[in-house]
Amino acid sequence: MAAEKIHLNWQPLGDSALITESDHPAAFAQQLRENCPTFCHDAVSSYRHLAIYFAPADFSEIERWLTNFSFTKKSTEPRLHHLPVWYDPEWIAELSAQLKKTPEEIIELHSSTEFTVAALGFSPGFPYLTGLPPELQLPRKETPARLPAGTVSIAADQAGIYPNDSFGGWHPLGLTGASLFNPHENPHTLLEPGDRIRFEPLENPPAITLEDSAEPIGHEIAIVESSGPATSIQSSSRLGHRHLGITPGGSSDSEMRAALNLLLGNPPEAPILEFALEAPILRFLAPTKIAFLGPHHPQAGRIVEVKKGTLLDLKNHPMQSAFGSLAISGGFAVPEILGSTSTDLRGNFGGQVLEKNSPLFHHLESAEASQPSHIRWPLLSSDTLTIRTLPGEQASWFSNDLTESSFRKSARFDRTAARLSGTPLSQTITKELTSRPVLAGAIQVPPDGIPTVLLPECQTIGGYPVIAHVITADLPALARAKPGTQIHFQTVTLPEAHRAFEIAQRELAIFRTGLNL
């Protein structure tokens with residue numbers, strides 16, 4: 001079939017993505033992935049939108065390429081999957097009371113429907129399914145609950161399946177033993193947008209098989225005596241898999257990771273330990289060199305030589321940043337999965353989550369460390385912070401602008417998002433948004449009006465209005481800001497955002513040159 005020239009109206013999504021609306025988002029996103037240049041990171045589809053992702057420095061090149069790209073309407077027969085599901089009597093009884101229908105009616109309605117995969121998102125392999133009968137539609141739960149892997153669920157006019165244990169606000173119906181995501185197999189997901197699904201009732205609960213973690217590599221260098229909250233191994237982002245619901249992730253503070261690694265002579269992206277608000281306690285099993293930032297400690301930002309048996313306890317030292325990092329000479333040794341050694345906490349794969357008695361591994365080859373007296377980049381502590389933003393897609397929905405108010409970073413943050421505190425924003429236009437591609441830096445506004453900023457391990461698609469986007473250059477500073485930091489937002493233009501990214505890259509290059517000298 002000859003290519004039919006189809007013009008799409010692309011709009012900026014922050015400073016590192018473009019988004020458009022289309023009647024064929026899944027097919028067009030697939031065409032983009034098959035043809036996009038090497039500097040394109042991914043193309044993601046949702047119900048009616050598709051987005052293309054890249055580095056801020058490549059914005060103009062991507063725009064030029066899209067101008068000359070021809071999309072083709074293709075008619076293909078969708079795949080049909082028959083997924084077995086055991087309808088849990090307790091869950092069905094709860095739904096029966098809310099829907100005023102018998103359990104048998106609920107099961108019949110659900111299992112006789114042919115669903116369509118509209119998008120993959122929320123977590124790796126999680127399918128957003130359209131086609132839910134009106135008789136089964138319920139609002140999301142007010143309070144999310146933990147749901148086991150394989151949970152078949154419904155919410156509003158959608159259905160879905162949780163690939164992993166997860167908190168969710170959807171109503172559970174039953175369990176399936178189908179494996180929706182496996183990072184060690186290709187293809188990595190069972191489903192893809194456009195597929196059809198029919199659920200087939202089972203008489204007994206299925207056996208849920210969880211994949212074992214990858215075997216450790218390298219040599220033991222330390223044992224975790226106390227892990228602290230949310231401590232994991234992180235490195236560079238996992239690019240090219242966002243369309244499967246896999247977050248790019250990577251270090252919350254890429255500048256801190258780069259500074260510590262370069263100080264020790266490692267590549268900037270070498271795996272480091274990342275921790276939130278409290279450092280882990282480590283006992284070293286062999287001599288090595290380390291460097292850390294975050295805890296207020298006289299040796300922070302310096303090369304520290306540790307001996308065999310050294311106990312590194314930084315818990316009593318207050319944090320100067322929300323996230324801290326610890327690097328080791330040569331880098332921590334963890335398997336690379338899907339192009340990165342970072343830990344995906346949402347998908348439960350890659351890297352390593354630290355628990356008490358967890359061993360840590362490294363490579364025997366040591367890097368050539370620098371010998372400065374004390375690194376002073378990046379800056380860690382400040383009572384106030386100015387964050388530059390670009391307008392969001394729903395900025396006009398609000399009567400007040402972000403720049404008119406001051407907010408504080410609250411204690412409610414993790415690697416996925418940071419919730420702010422302050423005067424609620426007033427939304428004058430209220431529409432039901434279909435879930436669409438999002439990215440780190442998006443400032444979402446939930447119904448209570450208090451903004452939430454998405455961080456590196458955020459979901460791949462979302463449905464809250466976005467009032468603004470934090471520019472890429474300012475994301476590390478926002479991530480490292482301590483709870484209580486006063487935050488002022490400043491609106492900039494897209495060229496200014498790209499210029500700020502260039503300056504940030506130059507600062508890193510200058511820092512690296514200074515260490516080499």
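Residues numbered from 1 in each chain as written. Predicted model: local features only at pLDDT ≥ 70, side-chain atom pairs only at ≥ 80, totals over all residues. Heavy atoms only, no water.

Engineer: Just give me the short version of the overall build of the protein chain, but keep the residues and values in it.
Structural biologist: Scanning the protein chain from terminus to terminus reveals seven helices and 31 strands. Projecting the C-alpha coordinates of the protein chain onto the three principal axes gives extents of approximately 70 × 50 × 50 Å. Across the 517 residues of the protein chain, 55% fall into the buried class. Partitioning the intrachain contacts of the protein chain with sequence separation of at least 6 by distance along the chain shows that 74% fall at a separation of at least 24. Between the mean site of the 39 positive side-chain charges and the mean site of the 55 negative ones, the protein chain shows a separation of 6 Å. (Helix = DSSP H or I, 4+ residues; strand = E, 2+ residues; numbered from the N terminus. Buried < 20%, exposed > 50% of the residue type's maximum accessible area, 1.4 Å probe, protein only. Contact = heavy atoms within 4.5 Å. Lys, Arg positive; Asp, Glu negative; His and termini not counted. Charge placed at Lys NZ, Arg CZ, Asp CG, Glu CD.)

Engineer: Mind laying out unusual backbone geometry, listing which residues take part and the relevant values?
Structural biologist: The linkage connecting N186 with the following residue, P187, adopts the cis geometry, with an omega of 5 degrees. Structurally, the position occupied by P187 is in the loop between β12 (171-175) and β13 (196-201). For the bond from W377 to P378, the omega torsion is 0 degrees, close enough to zero to count as cis. Position of P378 among the secondary structure elements: in the loop between β22 (359-362) and β23 (384-391). Backbone geometry at L277 places phi at a positive 65 degrees, although glycine is not the residue there. Within the element layout of this structure, L277 appears in the loop between β16 (272-276) and β17 (281-284).

Engineer: Any details on the nonpolar core? Residues and values, ideally.
Structural biologist: Grouped together as the largest cluster of nonpolar side chains are 29 residues, with contacts concentrated most on I197 and F199. Sorting the residues of this core by element identifies β5 (80-87), α3 (89-99), β6 (115-120), β9 (151-155), β10 (158-162) and β13 as the ones contributing at least two each. Ignoring anything within four residues of it in the chain, the contact list for I197 reads L80, H81, L83, T113, E114, F115, V117, L129 and L191. One finds F407, L420, A479 and F489 within the second-largest nonpolar core, a separate group that totals 27 residues. (Core = buried A, V, L, I, M, F, W, Y, C linked by side-chain atoms within 4.5 Å.)

Engineer: Go over the sheet that holds β16 with me, naming the residues and quoting the values.
Structural biologist: Judged by pairing direction, the sheet is antiparallel, and its five strands sit side by side in the order β15-β16-β21-β18-β19 without closing on themselves. Each edge of the open sheet carries a strand with a single partner, namely β15 (232-234) and β19 (304-306). The sheet shows a mean angle of 35 degrees between the axes of neighbouring strands, taken without regard to direction. The pairing of β15 with β16 spans three bridges and is classified as antiparallel. Bridging across to β16, Q234 finds its partner in I272. (Pairing = 2+ DSSP bridges. Axes fitted to C-alpha atoms, helices over the stretch in contact; angles between N-to-C directions.)

Engineer: Account for the pairing of strand β31 (residues 486-491), naming residues and giving values.
Structural biologist: Looking at chain direction, β23 and β31 are connected through six bridges and run parallel. Residue pairing for β31: I387 is matched across the bridge by F489. Strand direction decides the pairing type here: strand β24 (residues 406-413) and β31, joined by three bridges, are antiparallel. By the bridge assignment, F407 is partnered in β31 with I487.

Engineer: So what's going on with the layout of surface pockets? Residues and values would help.
Structural biologist: Estimates place the volume of the second largest pocket at around 1,100 Å³. Lining the second largest pocket are 42 residues, with P56, S237, S254, T472 and F501 positioned closest to its centre. Within the residue set of the lining of the second largest pocket, elements represented by two or more residues are β4 (49-54), α5 (254-263), β30 (466-470), α6 (475-480) and α7 (494-516). For the lining of the second largest pocket, the residue count by class is 22 nonpolar, 15 polar and five charged. (1 Å grid on protein atoms, 1.4 Å probe; cavity = no way out; pocket = protein on both sides within 12 Å on 5 of 7 lines; lining within 4 Å. Points joined across faces, edges and corners; volume = space filled by probe spheres on them. Nonpolar A, V, L, I, M, F, W, Y, C, P; charged D, E, K, R; others polar.)

Engineer: Run through helix α4 (residues 103-111), naming residues and quoting values.
Structural biologist: For α4, the full list of buried residues reads I106, H110 and S111. The arc that holds the buried residues of α4, viewed along the axis, is 110 degrees, so those residues lie on one side. Packing partners of the buried residues in α4 comprise β5, α3, β6, β9, β12 and β13. (Arc of directions from axis to C-beta.)

Engineer: Tell me about the packing of α3 against α4, residues and numbers included.
Structural biologist: It is at 9 Å that the axes of α3 and α4 come closest, and there the two elements cross at 95 degrees. Overall, the two elements α3 and α4 adopt an arrangement that is roughly perpendicular. Each of I92, L95, S96 and L99 in α3 lies in contact with α4, whose residues at this interface are P103, I106 and I107. Of the residues belonging to the contact of α3 with α4, the class tally is six nonpolar, one polar and no charged. (Parallel < 35°, antiparallel > 145°, perpendicular 65-115°, else oblique.)

Engineer: Tell me about helix α1 (residues 25-35), residues and numbers included.
Structural biologist: Helical periodicity: at 3.6 residues per turn, an α-helix aligns residues three or four positions apart in one direction. When α1 is considered as a whole, its buried residues turn out to be P25, F28, A29, Q31 and L32. Considered in projection along α1, the buried side chains sweep an arc of 160 degrees and stay on one side of the axis. In this structure, the buried residues of α1 make contact with β3 (40-45), β4 and α2 (59-67).

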